[in-house]
Amino acid sequence: MFRTKRSGLVRRLWRSRAPVEGDGDPDRGTHGSGGCCMGKTAKAAKSGGGSEAELKALTHSTLKRIKEKQLEALLQAVESKGGARSPCLLLPGRVEARVGQQGYSLPLLLSKVFRWPDLRHSSELKRLSCCESYGKSNPELLCCNPHHMSRLCELESPPPPYSRYPMDYLKPPDSPDSGPSSSDTGGTTYSAPVGLSDSLAVQESGDGAHWCVVAYWEEKTRVGRLYSVQEPSLDIFYDLPQGNGFCLGQLCSENKSQLVQMVRAKIGYGIQLTREPDGVWVYNRSCYPIFIKSATLDNPDTRTLLVHKVFPGFSIKAFDYDKAGSLQRPNDHEFTQQPRTGFTVQISFVKGWGQCYTRQFISSCPCWLEVIFNTR
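Residues numbered from 1 in each chain as written. Predicted model: local features only at pLDDT ≥ 70, side-chain atom pairs only at ≥ 80, totals over all residues. Heavy atoms only, no water.

### Some words on the overall build of the chain
Here is the rule: The helix count covers DSSP runs of H or I at least four residues long, the strand count covers runs of E at least two residues long, and both are numbered beginning at the N terminus. Categorising residues by exposure relies on relative accessible area from a 1.4 Å probe, with only protein chains included: less than 20% of the type maximum marks a residue as buried, more than 50% marks it as exposed, and the intermediate range marks it as partly exposed. Should any heavy atoms of two residues lie within 4.5 Å, those residues are counted as being in contact. Only the protein chains shown count as cover for residues, and the accessible areas themselves come from Shrake-Rupley with a 1.4 Å probe.
A count of helices and strands for the chain gives nine helices and 21 strands. By residue count, 53% of the 376 residues in the chain fall in the buried class. Once local pairs closer than 6 in sequence are excluded, the contacts in the chain between residues at least 24 apart make up 68%. Of the roughly 17,600 Å² of accessible surface on the chain, 49% is carried by carbon and sulfur atoms.

### Considering the nonpolar core
The cut-off we apply is this: What makes a nonpolar core is a set of buried Ala, Val, Leu, Ile, Met, Phe, Trp, Tyr and Cys residues whose side-chain atoms join them at distances within 4.5 Å. Just so you know, the domain bounds were taken from an automatic or database domain assignment.
Counting residues in hydrophobic clusters, the biggest one holds 65 residues, and the most contacted among them are Leu 63, Val 214, Val 282, Ile 292, Ile 347, Phe 349 and Phe 373. Structurally, this core is a two-domain feature, drawing no fewer than three residues from each of domain 1 (54-152) and domain 2 (212-330 + 338-373). The residues touching Val 214, leaving out its near neighbours within four places in the chain, are Arg 225, Leu 226, Tyr 227, Val 229, Leu 234, Ile 236, Phe 246, Leu 273, Leu 369, Glu 370 and Val 371. The next biggest cluster of nonpolar side chains, apart from the first, holds eleven residues, and it includes Phe 291, Val 307, Trp 353 and Trp 368.

### Some details on helix 3 (residues 52-63)
Our working rule: Here the expected length of a helix is defined as 1.5 Å per residue gap, with one fewer gap than residues.
Taking 1.5 Å of rise per residue, twelve residues should cover 16 Å, and helix 3 covers 16 Å from first to last C-alpha, within 8% of that figure. Of the residues making up helix 3, those classed as buried are Leu 55, Leu 58, Thr 59, His 60, Thr 62 and Leu 63. On its buried face, helix 3 sits against helix 1 (5-15), helix 4 (68-79), strand 2 (96-99) and helix 5 (106-114).

### Quick notes on unusual backbone geometry
In this model, Glu 219 sits at a positive phi of 55 degrees, which is unusual for a non-glycine residue. Structurally, Glu 219 is set in the loop between strand 9 (212-218) and strand 10 (221-222). Accessibility expressed as a relative area gives 28% for Glu 219, which makes it partly exposed. Look at Val 350: it is not a glycine, yet its phi comes out positive at around 70 degrees. Mapped onto the secondary structure, Val 350 falls in the loop between strand 20 (344-349) and strand 21 (368-373). Since its relative accessible area comes to 16%, Val 350 is described here as buried.

### Brief notes about the packing of helix 3 against helix 5
Condition: Axes, fitted as lines to C-alpha atoms, cover a helix only where it is in contact. Angles between the N-to-C directions of the axes lie from 0 to 180 degrees. If an angle is under 35 degrees, it is roughly parallel; if it is over 145, roughly antiparallel; if it lies from 65 to 115, roughly perpendicular; otherwise it is oblique. By definition, any crossing whose near helix is turned counterclockwise from its far helix by less than a right angle is left-handed, and any crossing with a clockwise turn is right-handed. The nonpolar class holds Ala, Val, Leu, Ile, Met, Phe, Trp, Tyr, Cys and Pro. Asp, Glu, Lys and Arg form the charged class, and all remaining residues, Gly among them, are polar.
Look at helix 3 against helix 5: their axes get within 11 Å of each other, and the N-to-C directions meet at 120 degrees. One way to sum up the angle between helix 3 and helix 5 is to call them oblique. When you trace helix 3 past helix 5, the crossing you get is left-handed. Taking contact as the criterion, the partners of Leu 55, Leu 58, Thr 59, Thr 62 and Leu 63 in helix 3 are, on helix 5, Leu 106, Leu 109, Leu 110, Val 113 and Phe 114. Residues belonging to the contact of helix 3 with helix 5 are distributed by class as follows: eight nonpolar, two polar and no charged.

### Here's the deal with the sheet that holds strand 12 (residues 233-237)
Let me state the cut-off plainly: Note on pairing: two strands pair once DSSP finds at least 2 bridges between them.
Taken together, the seven strands give an open sheet; going across it, the order is 4-6-19-15-14-12-13, and neighbouring strands pair in mixed fashion. The sheet is open, and its two borders are formed by strand 4 (125-127) and strand 13 (245-247), each paired with just one other strand. Taken over all neighbouring pairs, the strand axes of this sheet differ in orientation by 30 degrees on average, direction set aside. In terms of strand pairing, strand 12 meets strand 13 through three bridges, oriented parallel. Among the inter-strand pairings, Phe 237 is bridged to a residue of strand 13, identified as Cys 247.

### Examining the packing of aromatic side chains
Applicable threshold: Two rings from Phe, Tyr or Trp (for Trp, the six-membered ring) form a pair when their centres are within 6.5 Å of each other. A pair whose planes differ by under 30 degrees is stacked, one over 60 is edge-to-face, and the rest are tilted. The rule for a charge over a ring is simple: NZ of Lys or CZ of Arg within 6 Å of the ring centre, and within 35 degrees of the ring normal.
Scanning the entire structure with this criterion turns up seven aromatic pairs. Seen from their ring centres, Trp 211 and Phe 373 are 6.4 Å apart, and the 25 degrees between their planes marks the pair as stacked. Here Trp 211, found in the loop between helix 6 (200-204) and strand 9, pairs with Phe 373, found in strand 21; they are 162 residues apart in sequence, far enough to count as distant. Of the residues examined, Phe 373 reaches a relative accessible area of 7% and is grouped as buried. Judged by centre distance (5.9 Å) and plane angle (80 degrees), the rings of Phe 319 and Tyr 321 are edge-to-face. Its end group placed over the ring of Trp 281, Lys 126 keeps NZ or CZ at 4.7 Å from the ring centre.

### So, the pattern of salt bridges
Counted only if it meets this: Salt bridges are defined by distance alone: a side-chain nitrogen of Lys or Arg within 4 Å of a carboxyl oxygen of Asp or Glu.
The tally for this structure, following the rule as stated, stands at ten salt bridges. A salt bridge links Arg 264 to Glu 218, with the shortest nitrogen-to-oxygen separation between them at 2.9 Å. Here the residue Arg 264 occupies a position in helix 7 (residues 258-266), and Glu 218 occupies one in strand 9, the gap between them amounting to 46 residues. A residue is classified by how much of its surface remains accessible, and Glu 218, at 2% relative accessible area, is buried. The closest approach of N and O atoms between Lys 317 and Asp 320, which form a salt bridge, is 3.1 Å. We classify Lys 317 as partly exposed; its relative accessible area is 23%. Among the charged side chains, a network of salt bridges with common partners joins Asp 118, Glu 124 and Arg 151.

### Comments concerning the pairing of strand 19 (residues 314-319)
Most of strand 19 is tucked away: five of the six residues are buried. Inspection of the sheet shows strand 6 (residues 149-152) paired to strand 19 by two bridges, in the parallel sense. From the neighbouring strand, Arg 151 faces strand 19, where its bridge partner is Phe 314. Bridge count between strand 15 (residues 279-284) and strand 19: four bridges; the pairing is antiparallel. The residue of strand 19 that forms the bridge with Tyr 283 is Ser 315.

Pasting the structure below:
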């Protein structure tokens, strides 16, 4: 019997589906359940999702109704794990399929099959801003490309104890752990409390039209110049097919530490930093967790900030404009000591820091970013 090209594409897509828990996939640990951004969803996924055979039959019947060019674009997105630019997969938005007792929209079904097998509800998903369907409500055609989606990071309450640690940036500048210092700042040499640049740092970028600047650090040394961000979205990566943005792999680093070199190689597709109407979102595109500290992620009355672990494929609102405004109060000790603290987000690749880590401060992490927001 002759097999059509469409059938071949469908079979290749099914073979590229996301591994389910317990199938022996060696990389499953990097996406595994647990942690602050998995929360309730992983626990809820254990019941009522239908059998593998039902899911396969439904997926095959759905894919066979899609045009060949769309299947090719979907296959490119799935096989590159989102690394290659792929167009929107526009399909009827009101179609719903059922597996067992569970109903799925097409975006939910394809995201479950190709990215997150434990996914259950559309409310767990966040559409990326690059997608044509971003910000649209109930369109007739809806993008179903699973790599135009991210999964919402659900913060646990109370937070895990390993992530809570004292506000180290309140240390005086001459304390032993007080500084990453920059070796090449484009004309300005400065020393700062952990993770905080001097007030000259934003001026260093020159152009007032930017909404943030990004500094890349390896342990206590900043590598390269500050990267000024003017576009709404920025990819920060080490190795990304068709990558366009801040490429850390092109920076000249003199750090010979084996740990730094190992972590640097694991940055891979890195993160996507996006300015949206409600704040700044960080999407973890890499195959390893990232760790984030931001004043707007925590209770404004807290005396300590948390380090939040974000798994691959997840998004988190790392900076909330409304919360940042409310944090600037005249009697707020943190913000009278360091007025710009609330406008800085710190992100570490692969390695975390805090009380239950050997690294107490982010300046001990092998590879990390400082995102400094322009509030002028």
